Amino acid sequence: MTKLRLGVNIDHVATIRNARGSAYPDPLRAALLAEQAGADGITAHLREDRRHIRDADIEALMNGLTGPLNFEMAATEEMQSIALKYQPHAVCIVPEKREERTTEGGLDVAGDIARLADYIAPLREAGSRVSMFIGHDAAQIQACAEIGAAVVELHTGQYCDLHAEGRFDARDAELAALQKGAAYAASLGMEVHAGHGLTFETVGPIAAIKEVAELNIGHFLIAESVFLGLENAIAQMRHLMDAARA
Ligand code: PXP
């Protein structure tokens, strides 16, 4: 089986910085440390309201990272022009609602297929690998293939929530649906990523899905780094991913 990549999302380093309006902690510094600790890429979400990552962070990451940046963004005109300016390695299109605490559900690609096909075309032409953040629904997966997305990222938030609530039968059903979705997406020729809400406890079964090529993990790693340090938290996650894969 191919080695599973780990993308470390550093949004919440910026959340801590912004809580005090200070210049620290610096997301680029965290990203460089994450790269040294074994991250295969860095993910950052420039939200419309700039609640964590800001425009200057994207500039700093583009100039300072040694590895690839996965730029998460909503499908708006403003974000498209920022992505075209920087042409990051990957662009992950996510749904965004102002009132939500985090990205709550997957994107409705099937319901917005013509617009999203037009929307991602220039990003693809600019050389960014375009990924769509969706649920495991077959219609959504098929729509991603139809618009020419290179990657689907499957939303693992529901699986993690059900685990945290102790609803293990429902969690296992959600896991089975993610496994089926990953196999279907791969059969249509797309690369499969997964992420949202993953922790040391929940990462194993997702890492074991053979079609999954990359996991994107943020909030838990930044939270755990309070106790373990960022490098140790990443090393432990990497270890659990590799163990599940083997
Ligand atoms: N993947 C996508 C597309 C996301 O939007 C997020 C959250 O920004 C993540 C992965 C990481 O989720 P978490 O921070 O819960 O690990």
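First, a word on scope: everything that follows refers to the structure included in this document. (Residues numbered from 1 in each chain as written. Predicted model: local features only at pLDDT ≥ 70, side-chain atom pairs only at ≥ 80, totals over all residues. Heavy atoms only, no water.)

Some remarks on the sheet that holds strand β5 (residues 129-134)
To be explicit about the condition: Strands were regarded as paired on the criterion that DSSP finds at least two bridges between them. Elements are defined by DSSP. Helices are runs of H or I of four residues or more, strands are runs of E of two residues or more, and each kind is numbered from the N terminus. Axis geometry follows a simple rule: fit a line to the C-alpha atoms, using only the stretch in contact for helices, then measure angles between N-to-C directions, giving values from 0 to 180 degrees.
The eight strands lie next to each other as β1-β2-β3-β4-β5-β6-β7-β8, forming a closed barrel whose pairing is parallel. Pairs of neighbouring strands in the sheet enclose a mean axial angle of 25 degrees, with direction left out of account. Pairing analysis gives four bridges linking strand β1 (residues 5-9) to strand β8 (residues 212-217), with the strands arranged parallel. Across the sheet, the residue bridging to arginine 5 is glutamate 214, located in β8.

Observations regarding the packing of helix α6 (residues 138-147) against helix α8 (residues 168-187)
What counts, and what does not: Orientation categories follow fixed angle ranges, with anything under 35 degrees roughly parallel, anything over 145 roughly antiparallel, 65 to 115 roughly perpendicular, and all other angles oblique. A clockwise turn of the near helix away from the far one marks a right-handed crossing, whereas an anticlockwise turn of less than a right angle marks a left-handed crossing. Contacts are assigned to residue pairs that have any heavy atoms within 4.5 Å of one another. Polarity classes work like this: nonpolar for Ala, Val, Leu, Ile, Met, Phe, Trp, Tyr, Cys and Pro, charged for Asp, Glu, Lys and Arg, and polar for all others, with Gly in that last group.
As a packed pair, α6 and α8 sit with axes 10 Å apart at the nearest point and diverge in direction by 25 degrees. In terms of orientation, α6 and α8 fall into the roughly parallel class. The chirality of how α6 crosses α8 is right-handed. Contact with α6, carried on its side by Ala138, Ile141 and Gln142, involves Gly181, Tyr184 and Ala185 of α8 and no other residues of that element. Of the residues that constitute the contact of α6 with α8, the class distribution is four nonpolar, two polar and no charged.

Section: the pairing of strand β3 (residues 69-73)
Put simply, the test is: Each residue's exposure class comes from its accessible area (1.4 Å probe, protein chains only) as a fraction of the maximum for that residue type: buried when under 20%, exposed when over 50%, partly exposed otherwise.
Among the five residues in β3, five count as buried, and that is most of the element. Because side chains alternate across β3, one face comprises the buried residues Leu69, Phe71 and Met73, and the other comprises Asn70 and Glu72, equally buried. For strand β2 (residues 41-45) and β3, the ladder comprises four bridges, and the chain directions are parallel. Pairing of histidine 45 across the sheet is with glutamate 72, part of β3.

Notes on the pairing of strand β6 (residues 151-155)
Condition: For a crossover, the right-handed case is the one in which the path from the first strand over the helix to the second runs clockwise, viewed with the strands pointing away from the viewer.
Burial analysis of β6 places five of its five residues in the buried class, which makes it a mostly covered element. Examined bridge by bridge, β5 and β6 share four bridges and lie parallel to one another. Across the sheet, residue methionine 132 finds its bridge partner in β6, namely valine 152. You can see the chain leave β5, run along α6 and come back into β6, and the turn it takes is right-handed. Alignment of β6 against strand β7 (residues 191-195), held across five bridges, turns out to be parallel. Paired with valine 151 across the strands is glutamate 191, a residue of β7.

Observations regarding the nonpolar core
Where we set the bar: Among buried residues, the Ala, Val, Leu, Ile, Met, Phe, Trp, Tyr and Cys ones that are joined through side-chain atoms within 4.5 Å form a nonpolar core.
Counting 70 residues, the largest nonpolar core has Ile10, Ile93, Met132 and Leu215 as the members making the most contacts within it. Sort the elements by how many residues they give to this core and helix α11 (residues 230-245) lands first, with five residues. Discounting chain neighbours no more than four positions away, the residues touching isoleucine 93 are Met73, Ala75, Leu107, Tyr119, Ile120, Leu123, Val130, Ser131, Met132 and Phe133.

What about the site of the ligand?
Stated formally: Put simply, a residue is near a molecule or strand once any heavy atom of it comes within 4 Å of that molecule or strand. Polar contacts, as used here, are pairs of N or O atoms within 3.5 Å; protein pairs need one atom able to donate a hydrogen and one able to accept it. Residues neighboring in sequence count only if both atoms are side-chain atoms. Under the convention used here, a 1.4 Å probe and the Shrake-Rupley method define accessible areas, while residue burial counts only the protein chains that appear.
Around the ligand there are 14 residues in total, and Glu72, Glu153, Gly197, Gly218 and His219 lie nearest to it. At 2.8 Å, a side-chain N or O of glutamate 72 approaches an oxygen atom of the ligand. Taking glutamate 153, its side chain carries an N or O atom lying 2.5 Å from a nitrogen atom of the ligand. For the ligand, whose free accessible area comes to 400 Å², the fraction covered by protein is 95%. The residue inventory of the shell around the ligand, partitioned by class, reads four nonpolar, seven polar and three charged.

Comments concerning the packing of aromatic side chains
This is how it is decided: For Phe, Tyr and Trp, rings pair up if their centres lie within 6.5 Å, where Trp contributes its six-membered ring, and each pair is then called stacked (planes under 30 degrees apart), edge-to-face (over 60) or tilted (otherwise).
On inspection of all chains with the given rule, the structure shows one aromatic pair. Taking the centre distance of 4.8 Å and the plane angle of 75 degrees together, the rings of phenylalanine 200 and phenylalanine 220 count as edge-to-face. Residue phenylalanine 200 is located in the loop between β7 and α9 (203-207), and its partner phenylalanine 220 is located in helix α10 (residues 219-228); the two are separated by 20 residues in the primary sequence.

Here we look at unusual backbone geometry
Of the consecutive residues tyrosine 24 and proline 25, the connecting peptide bond is found in the cis state with omega at -5 degrees. The residue proline 25 is located in the loop between α1 (11-20) and α2 (27-36) in this model. Within the chain, arginine 50 stands out as a residue other than glycine whose phi angle is a positive 55 degrees. With respect to the helices and strands, arginine 50 occurs in the loop between β2 and α3 (55-64). Backbone geometry at histidine 196 places phi at a positive 115 degrees, although glycine is not the residue there. Classification of histidine 196 as partly exposed rests on a relative accessible area of 22%.

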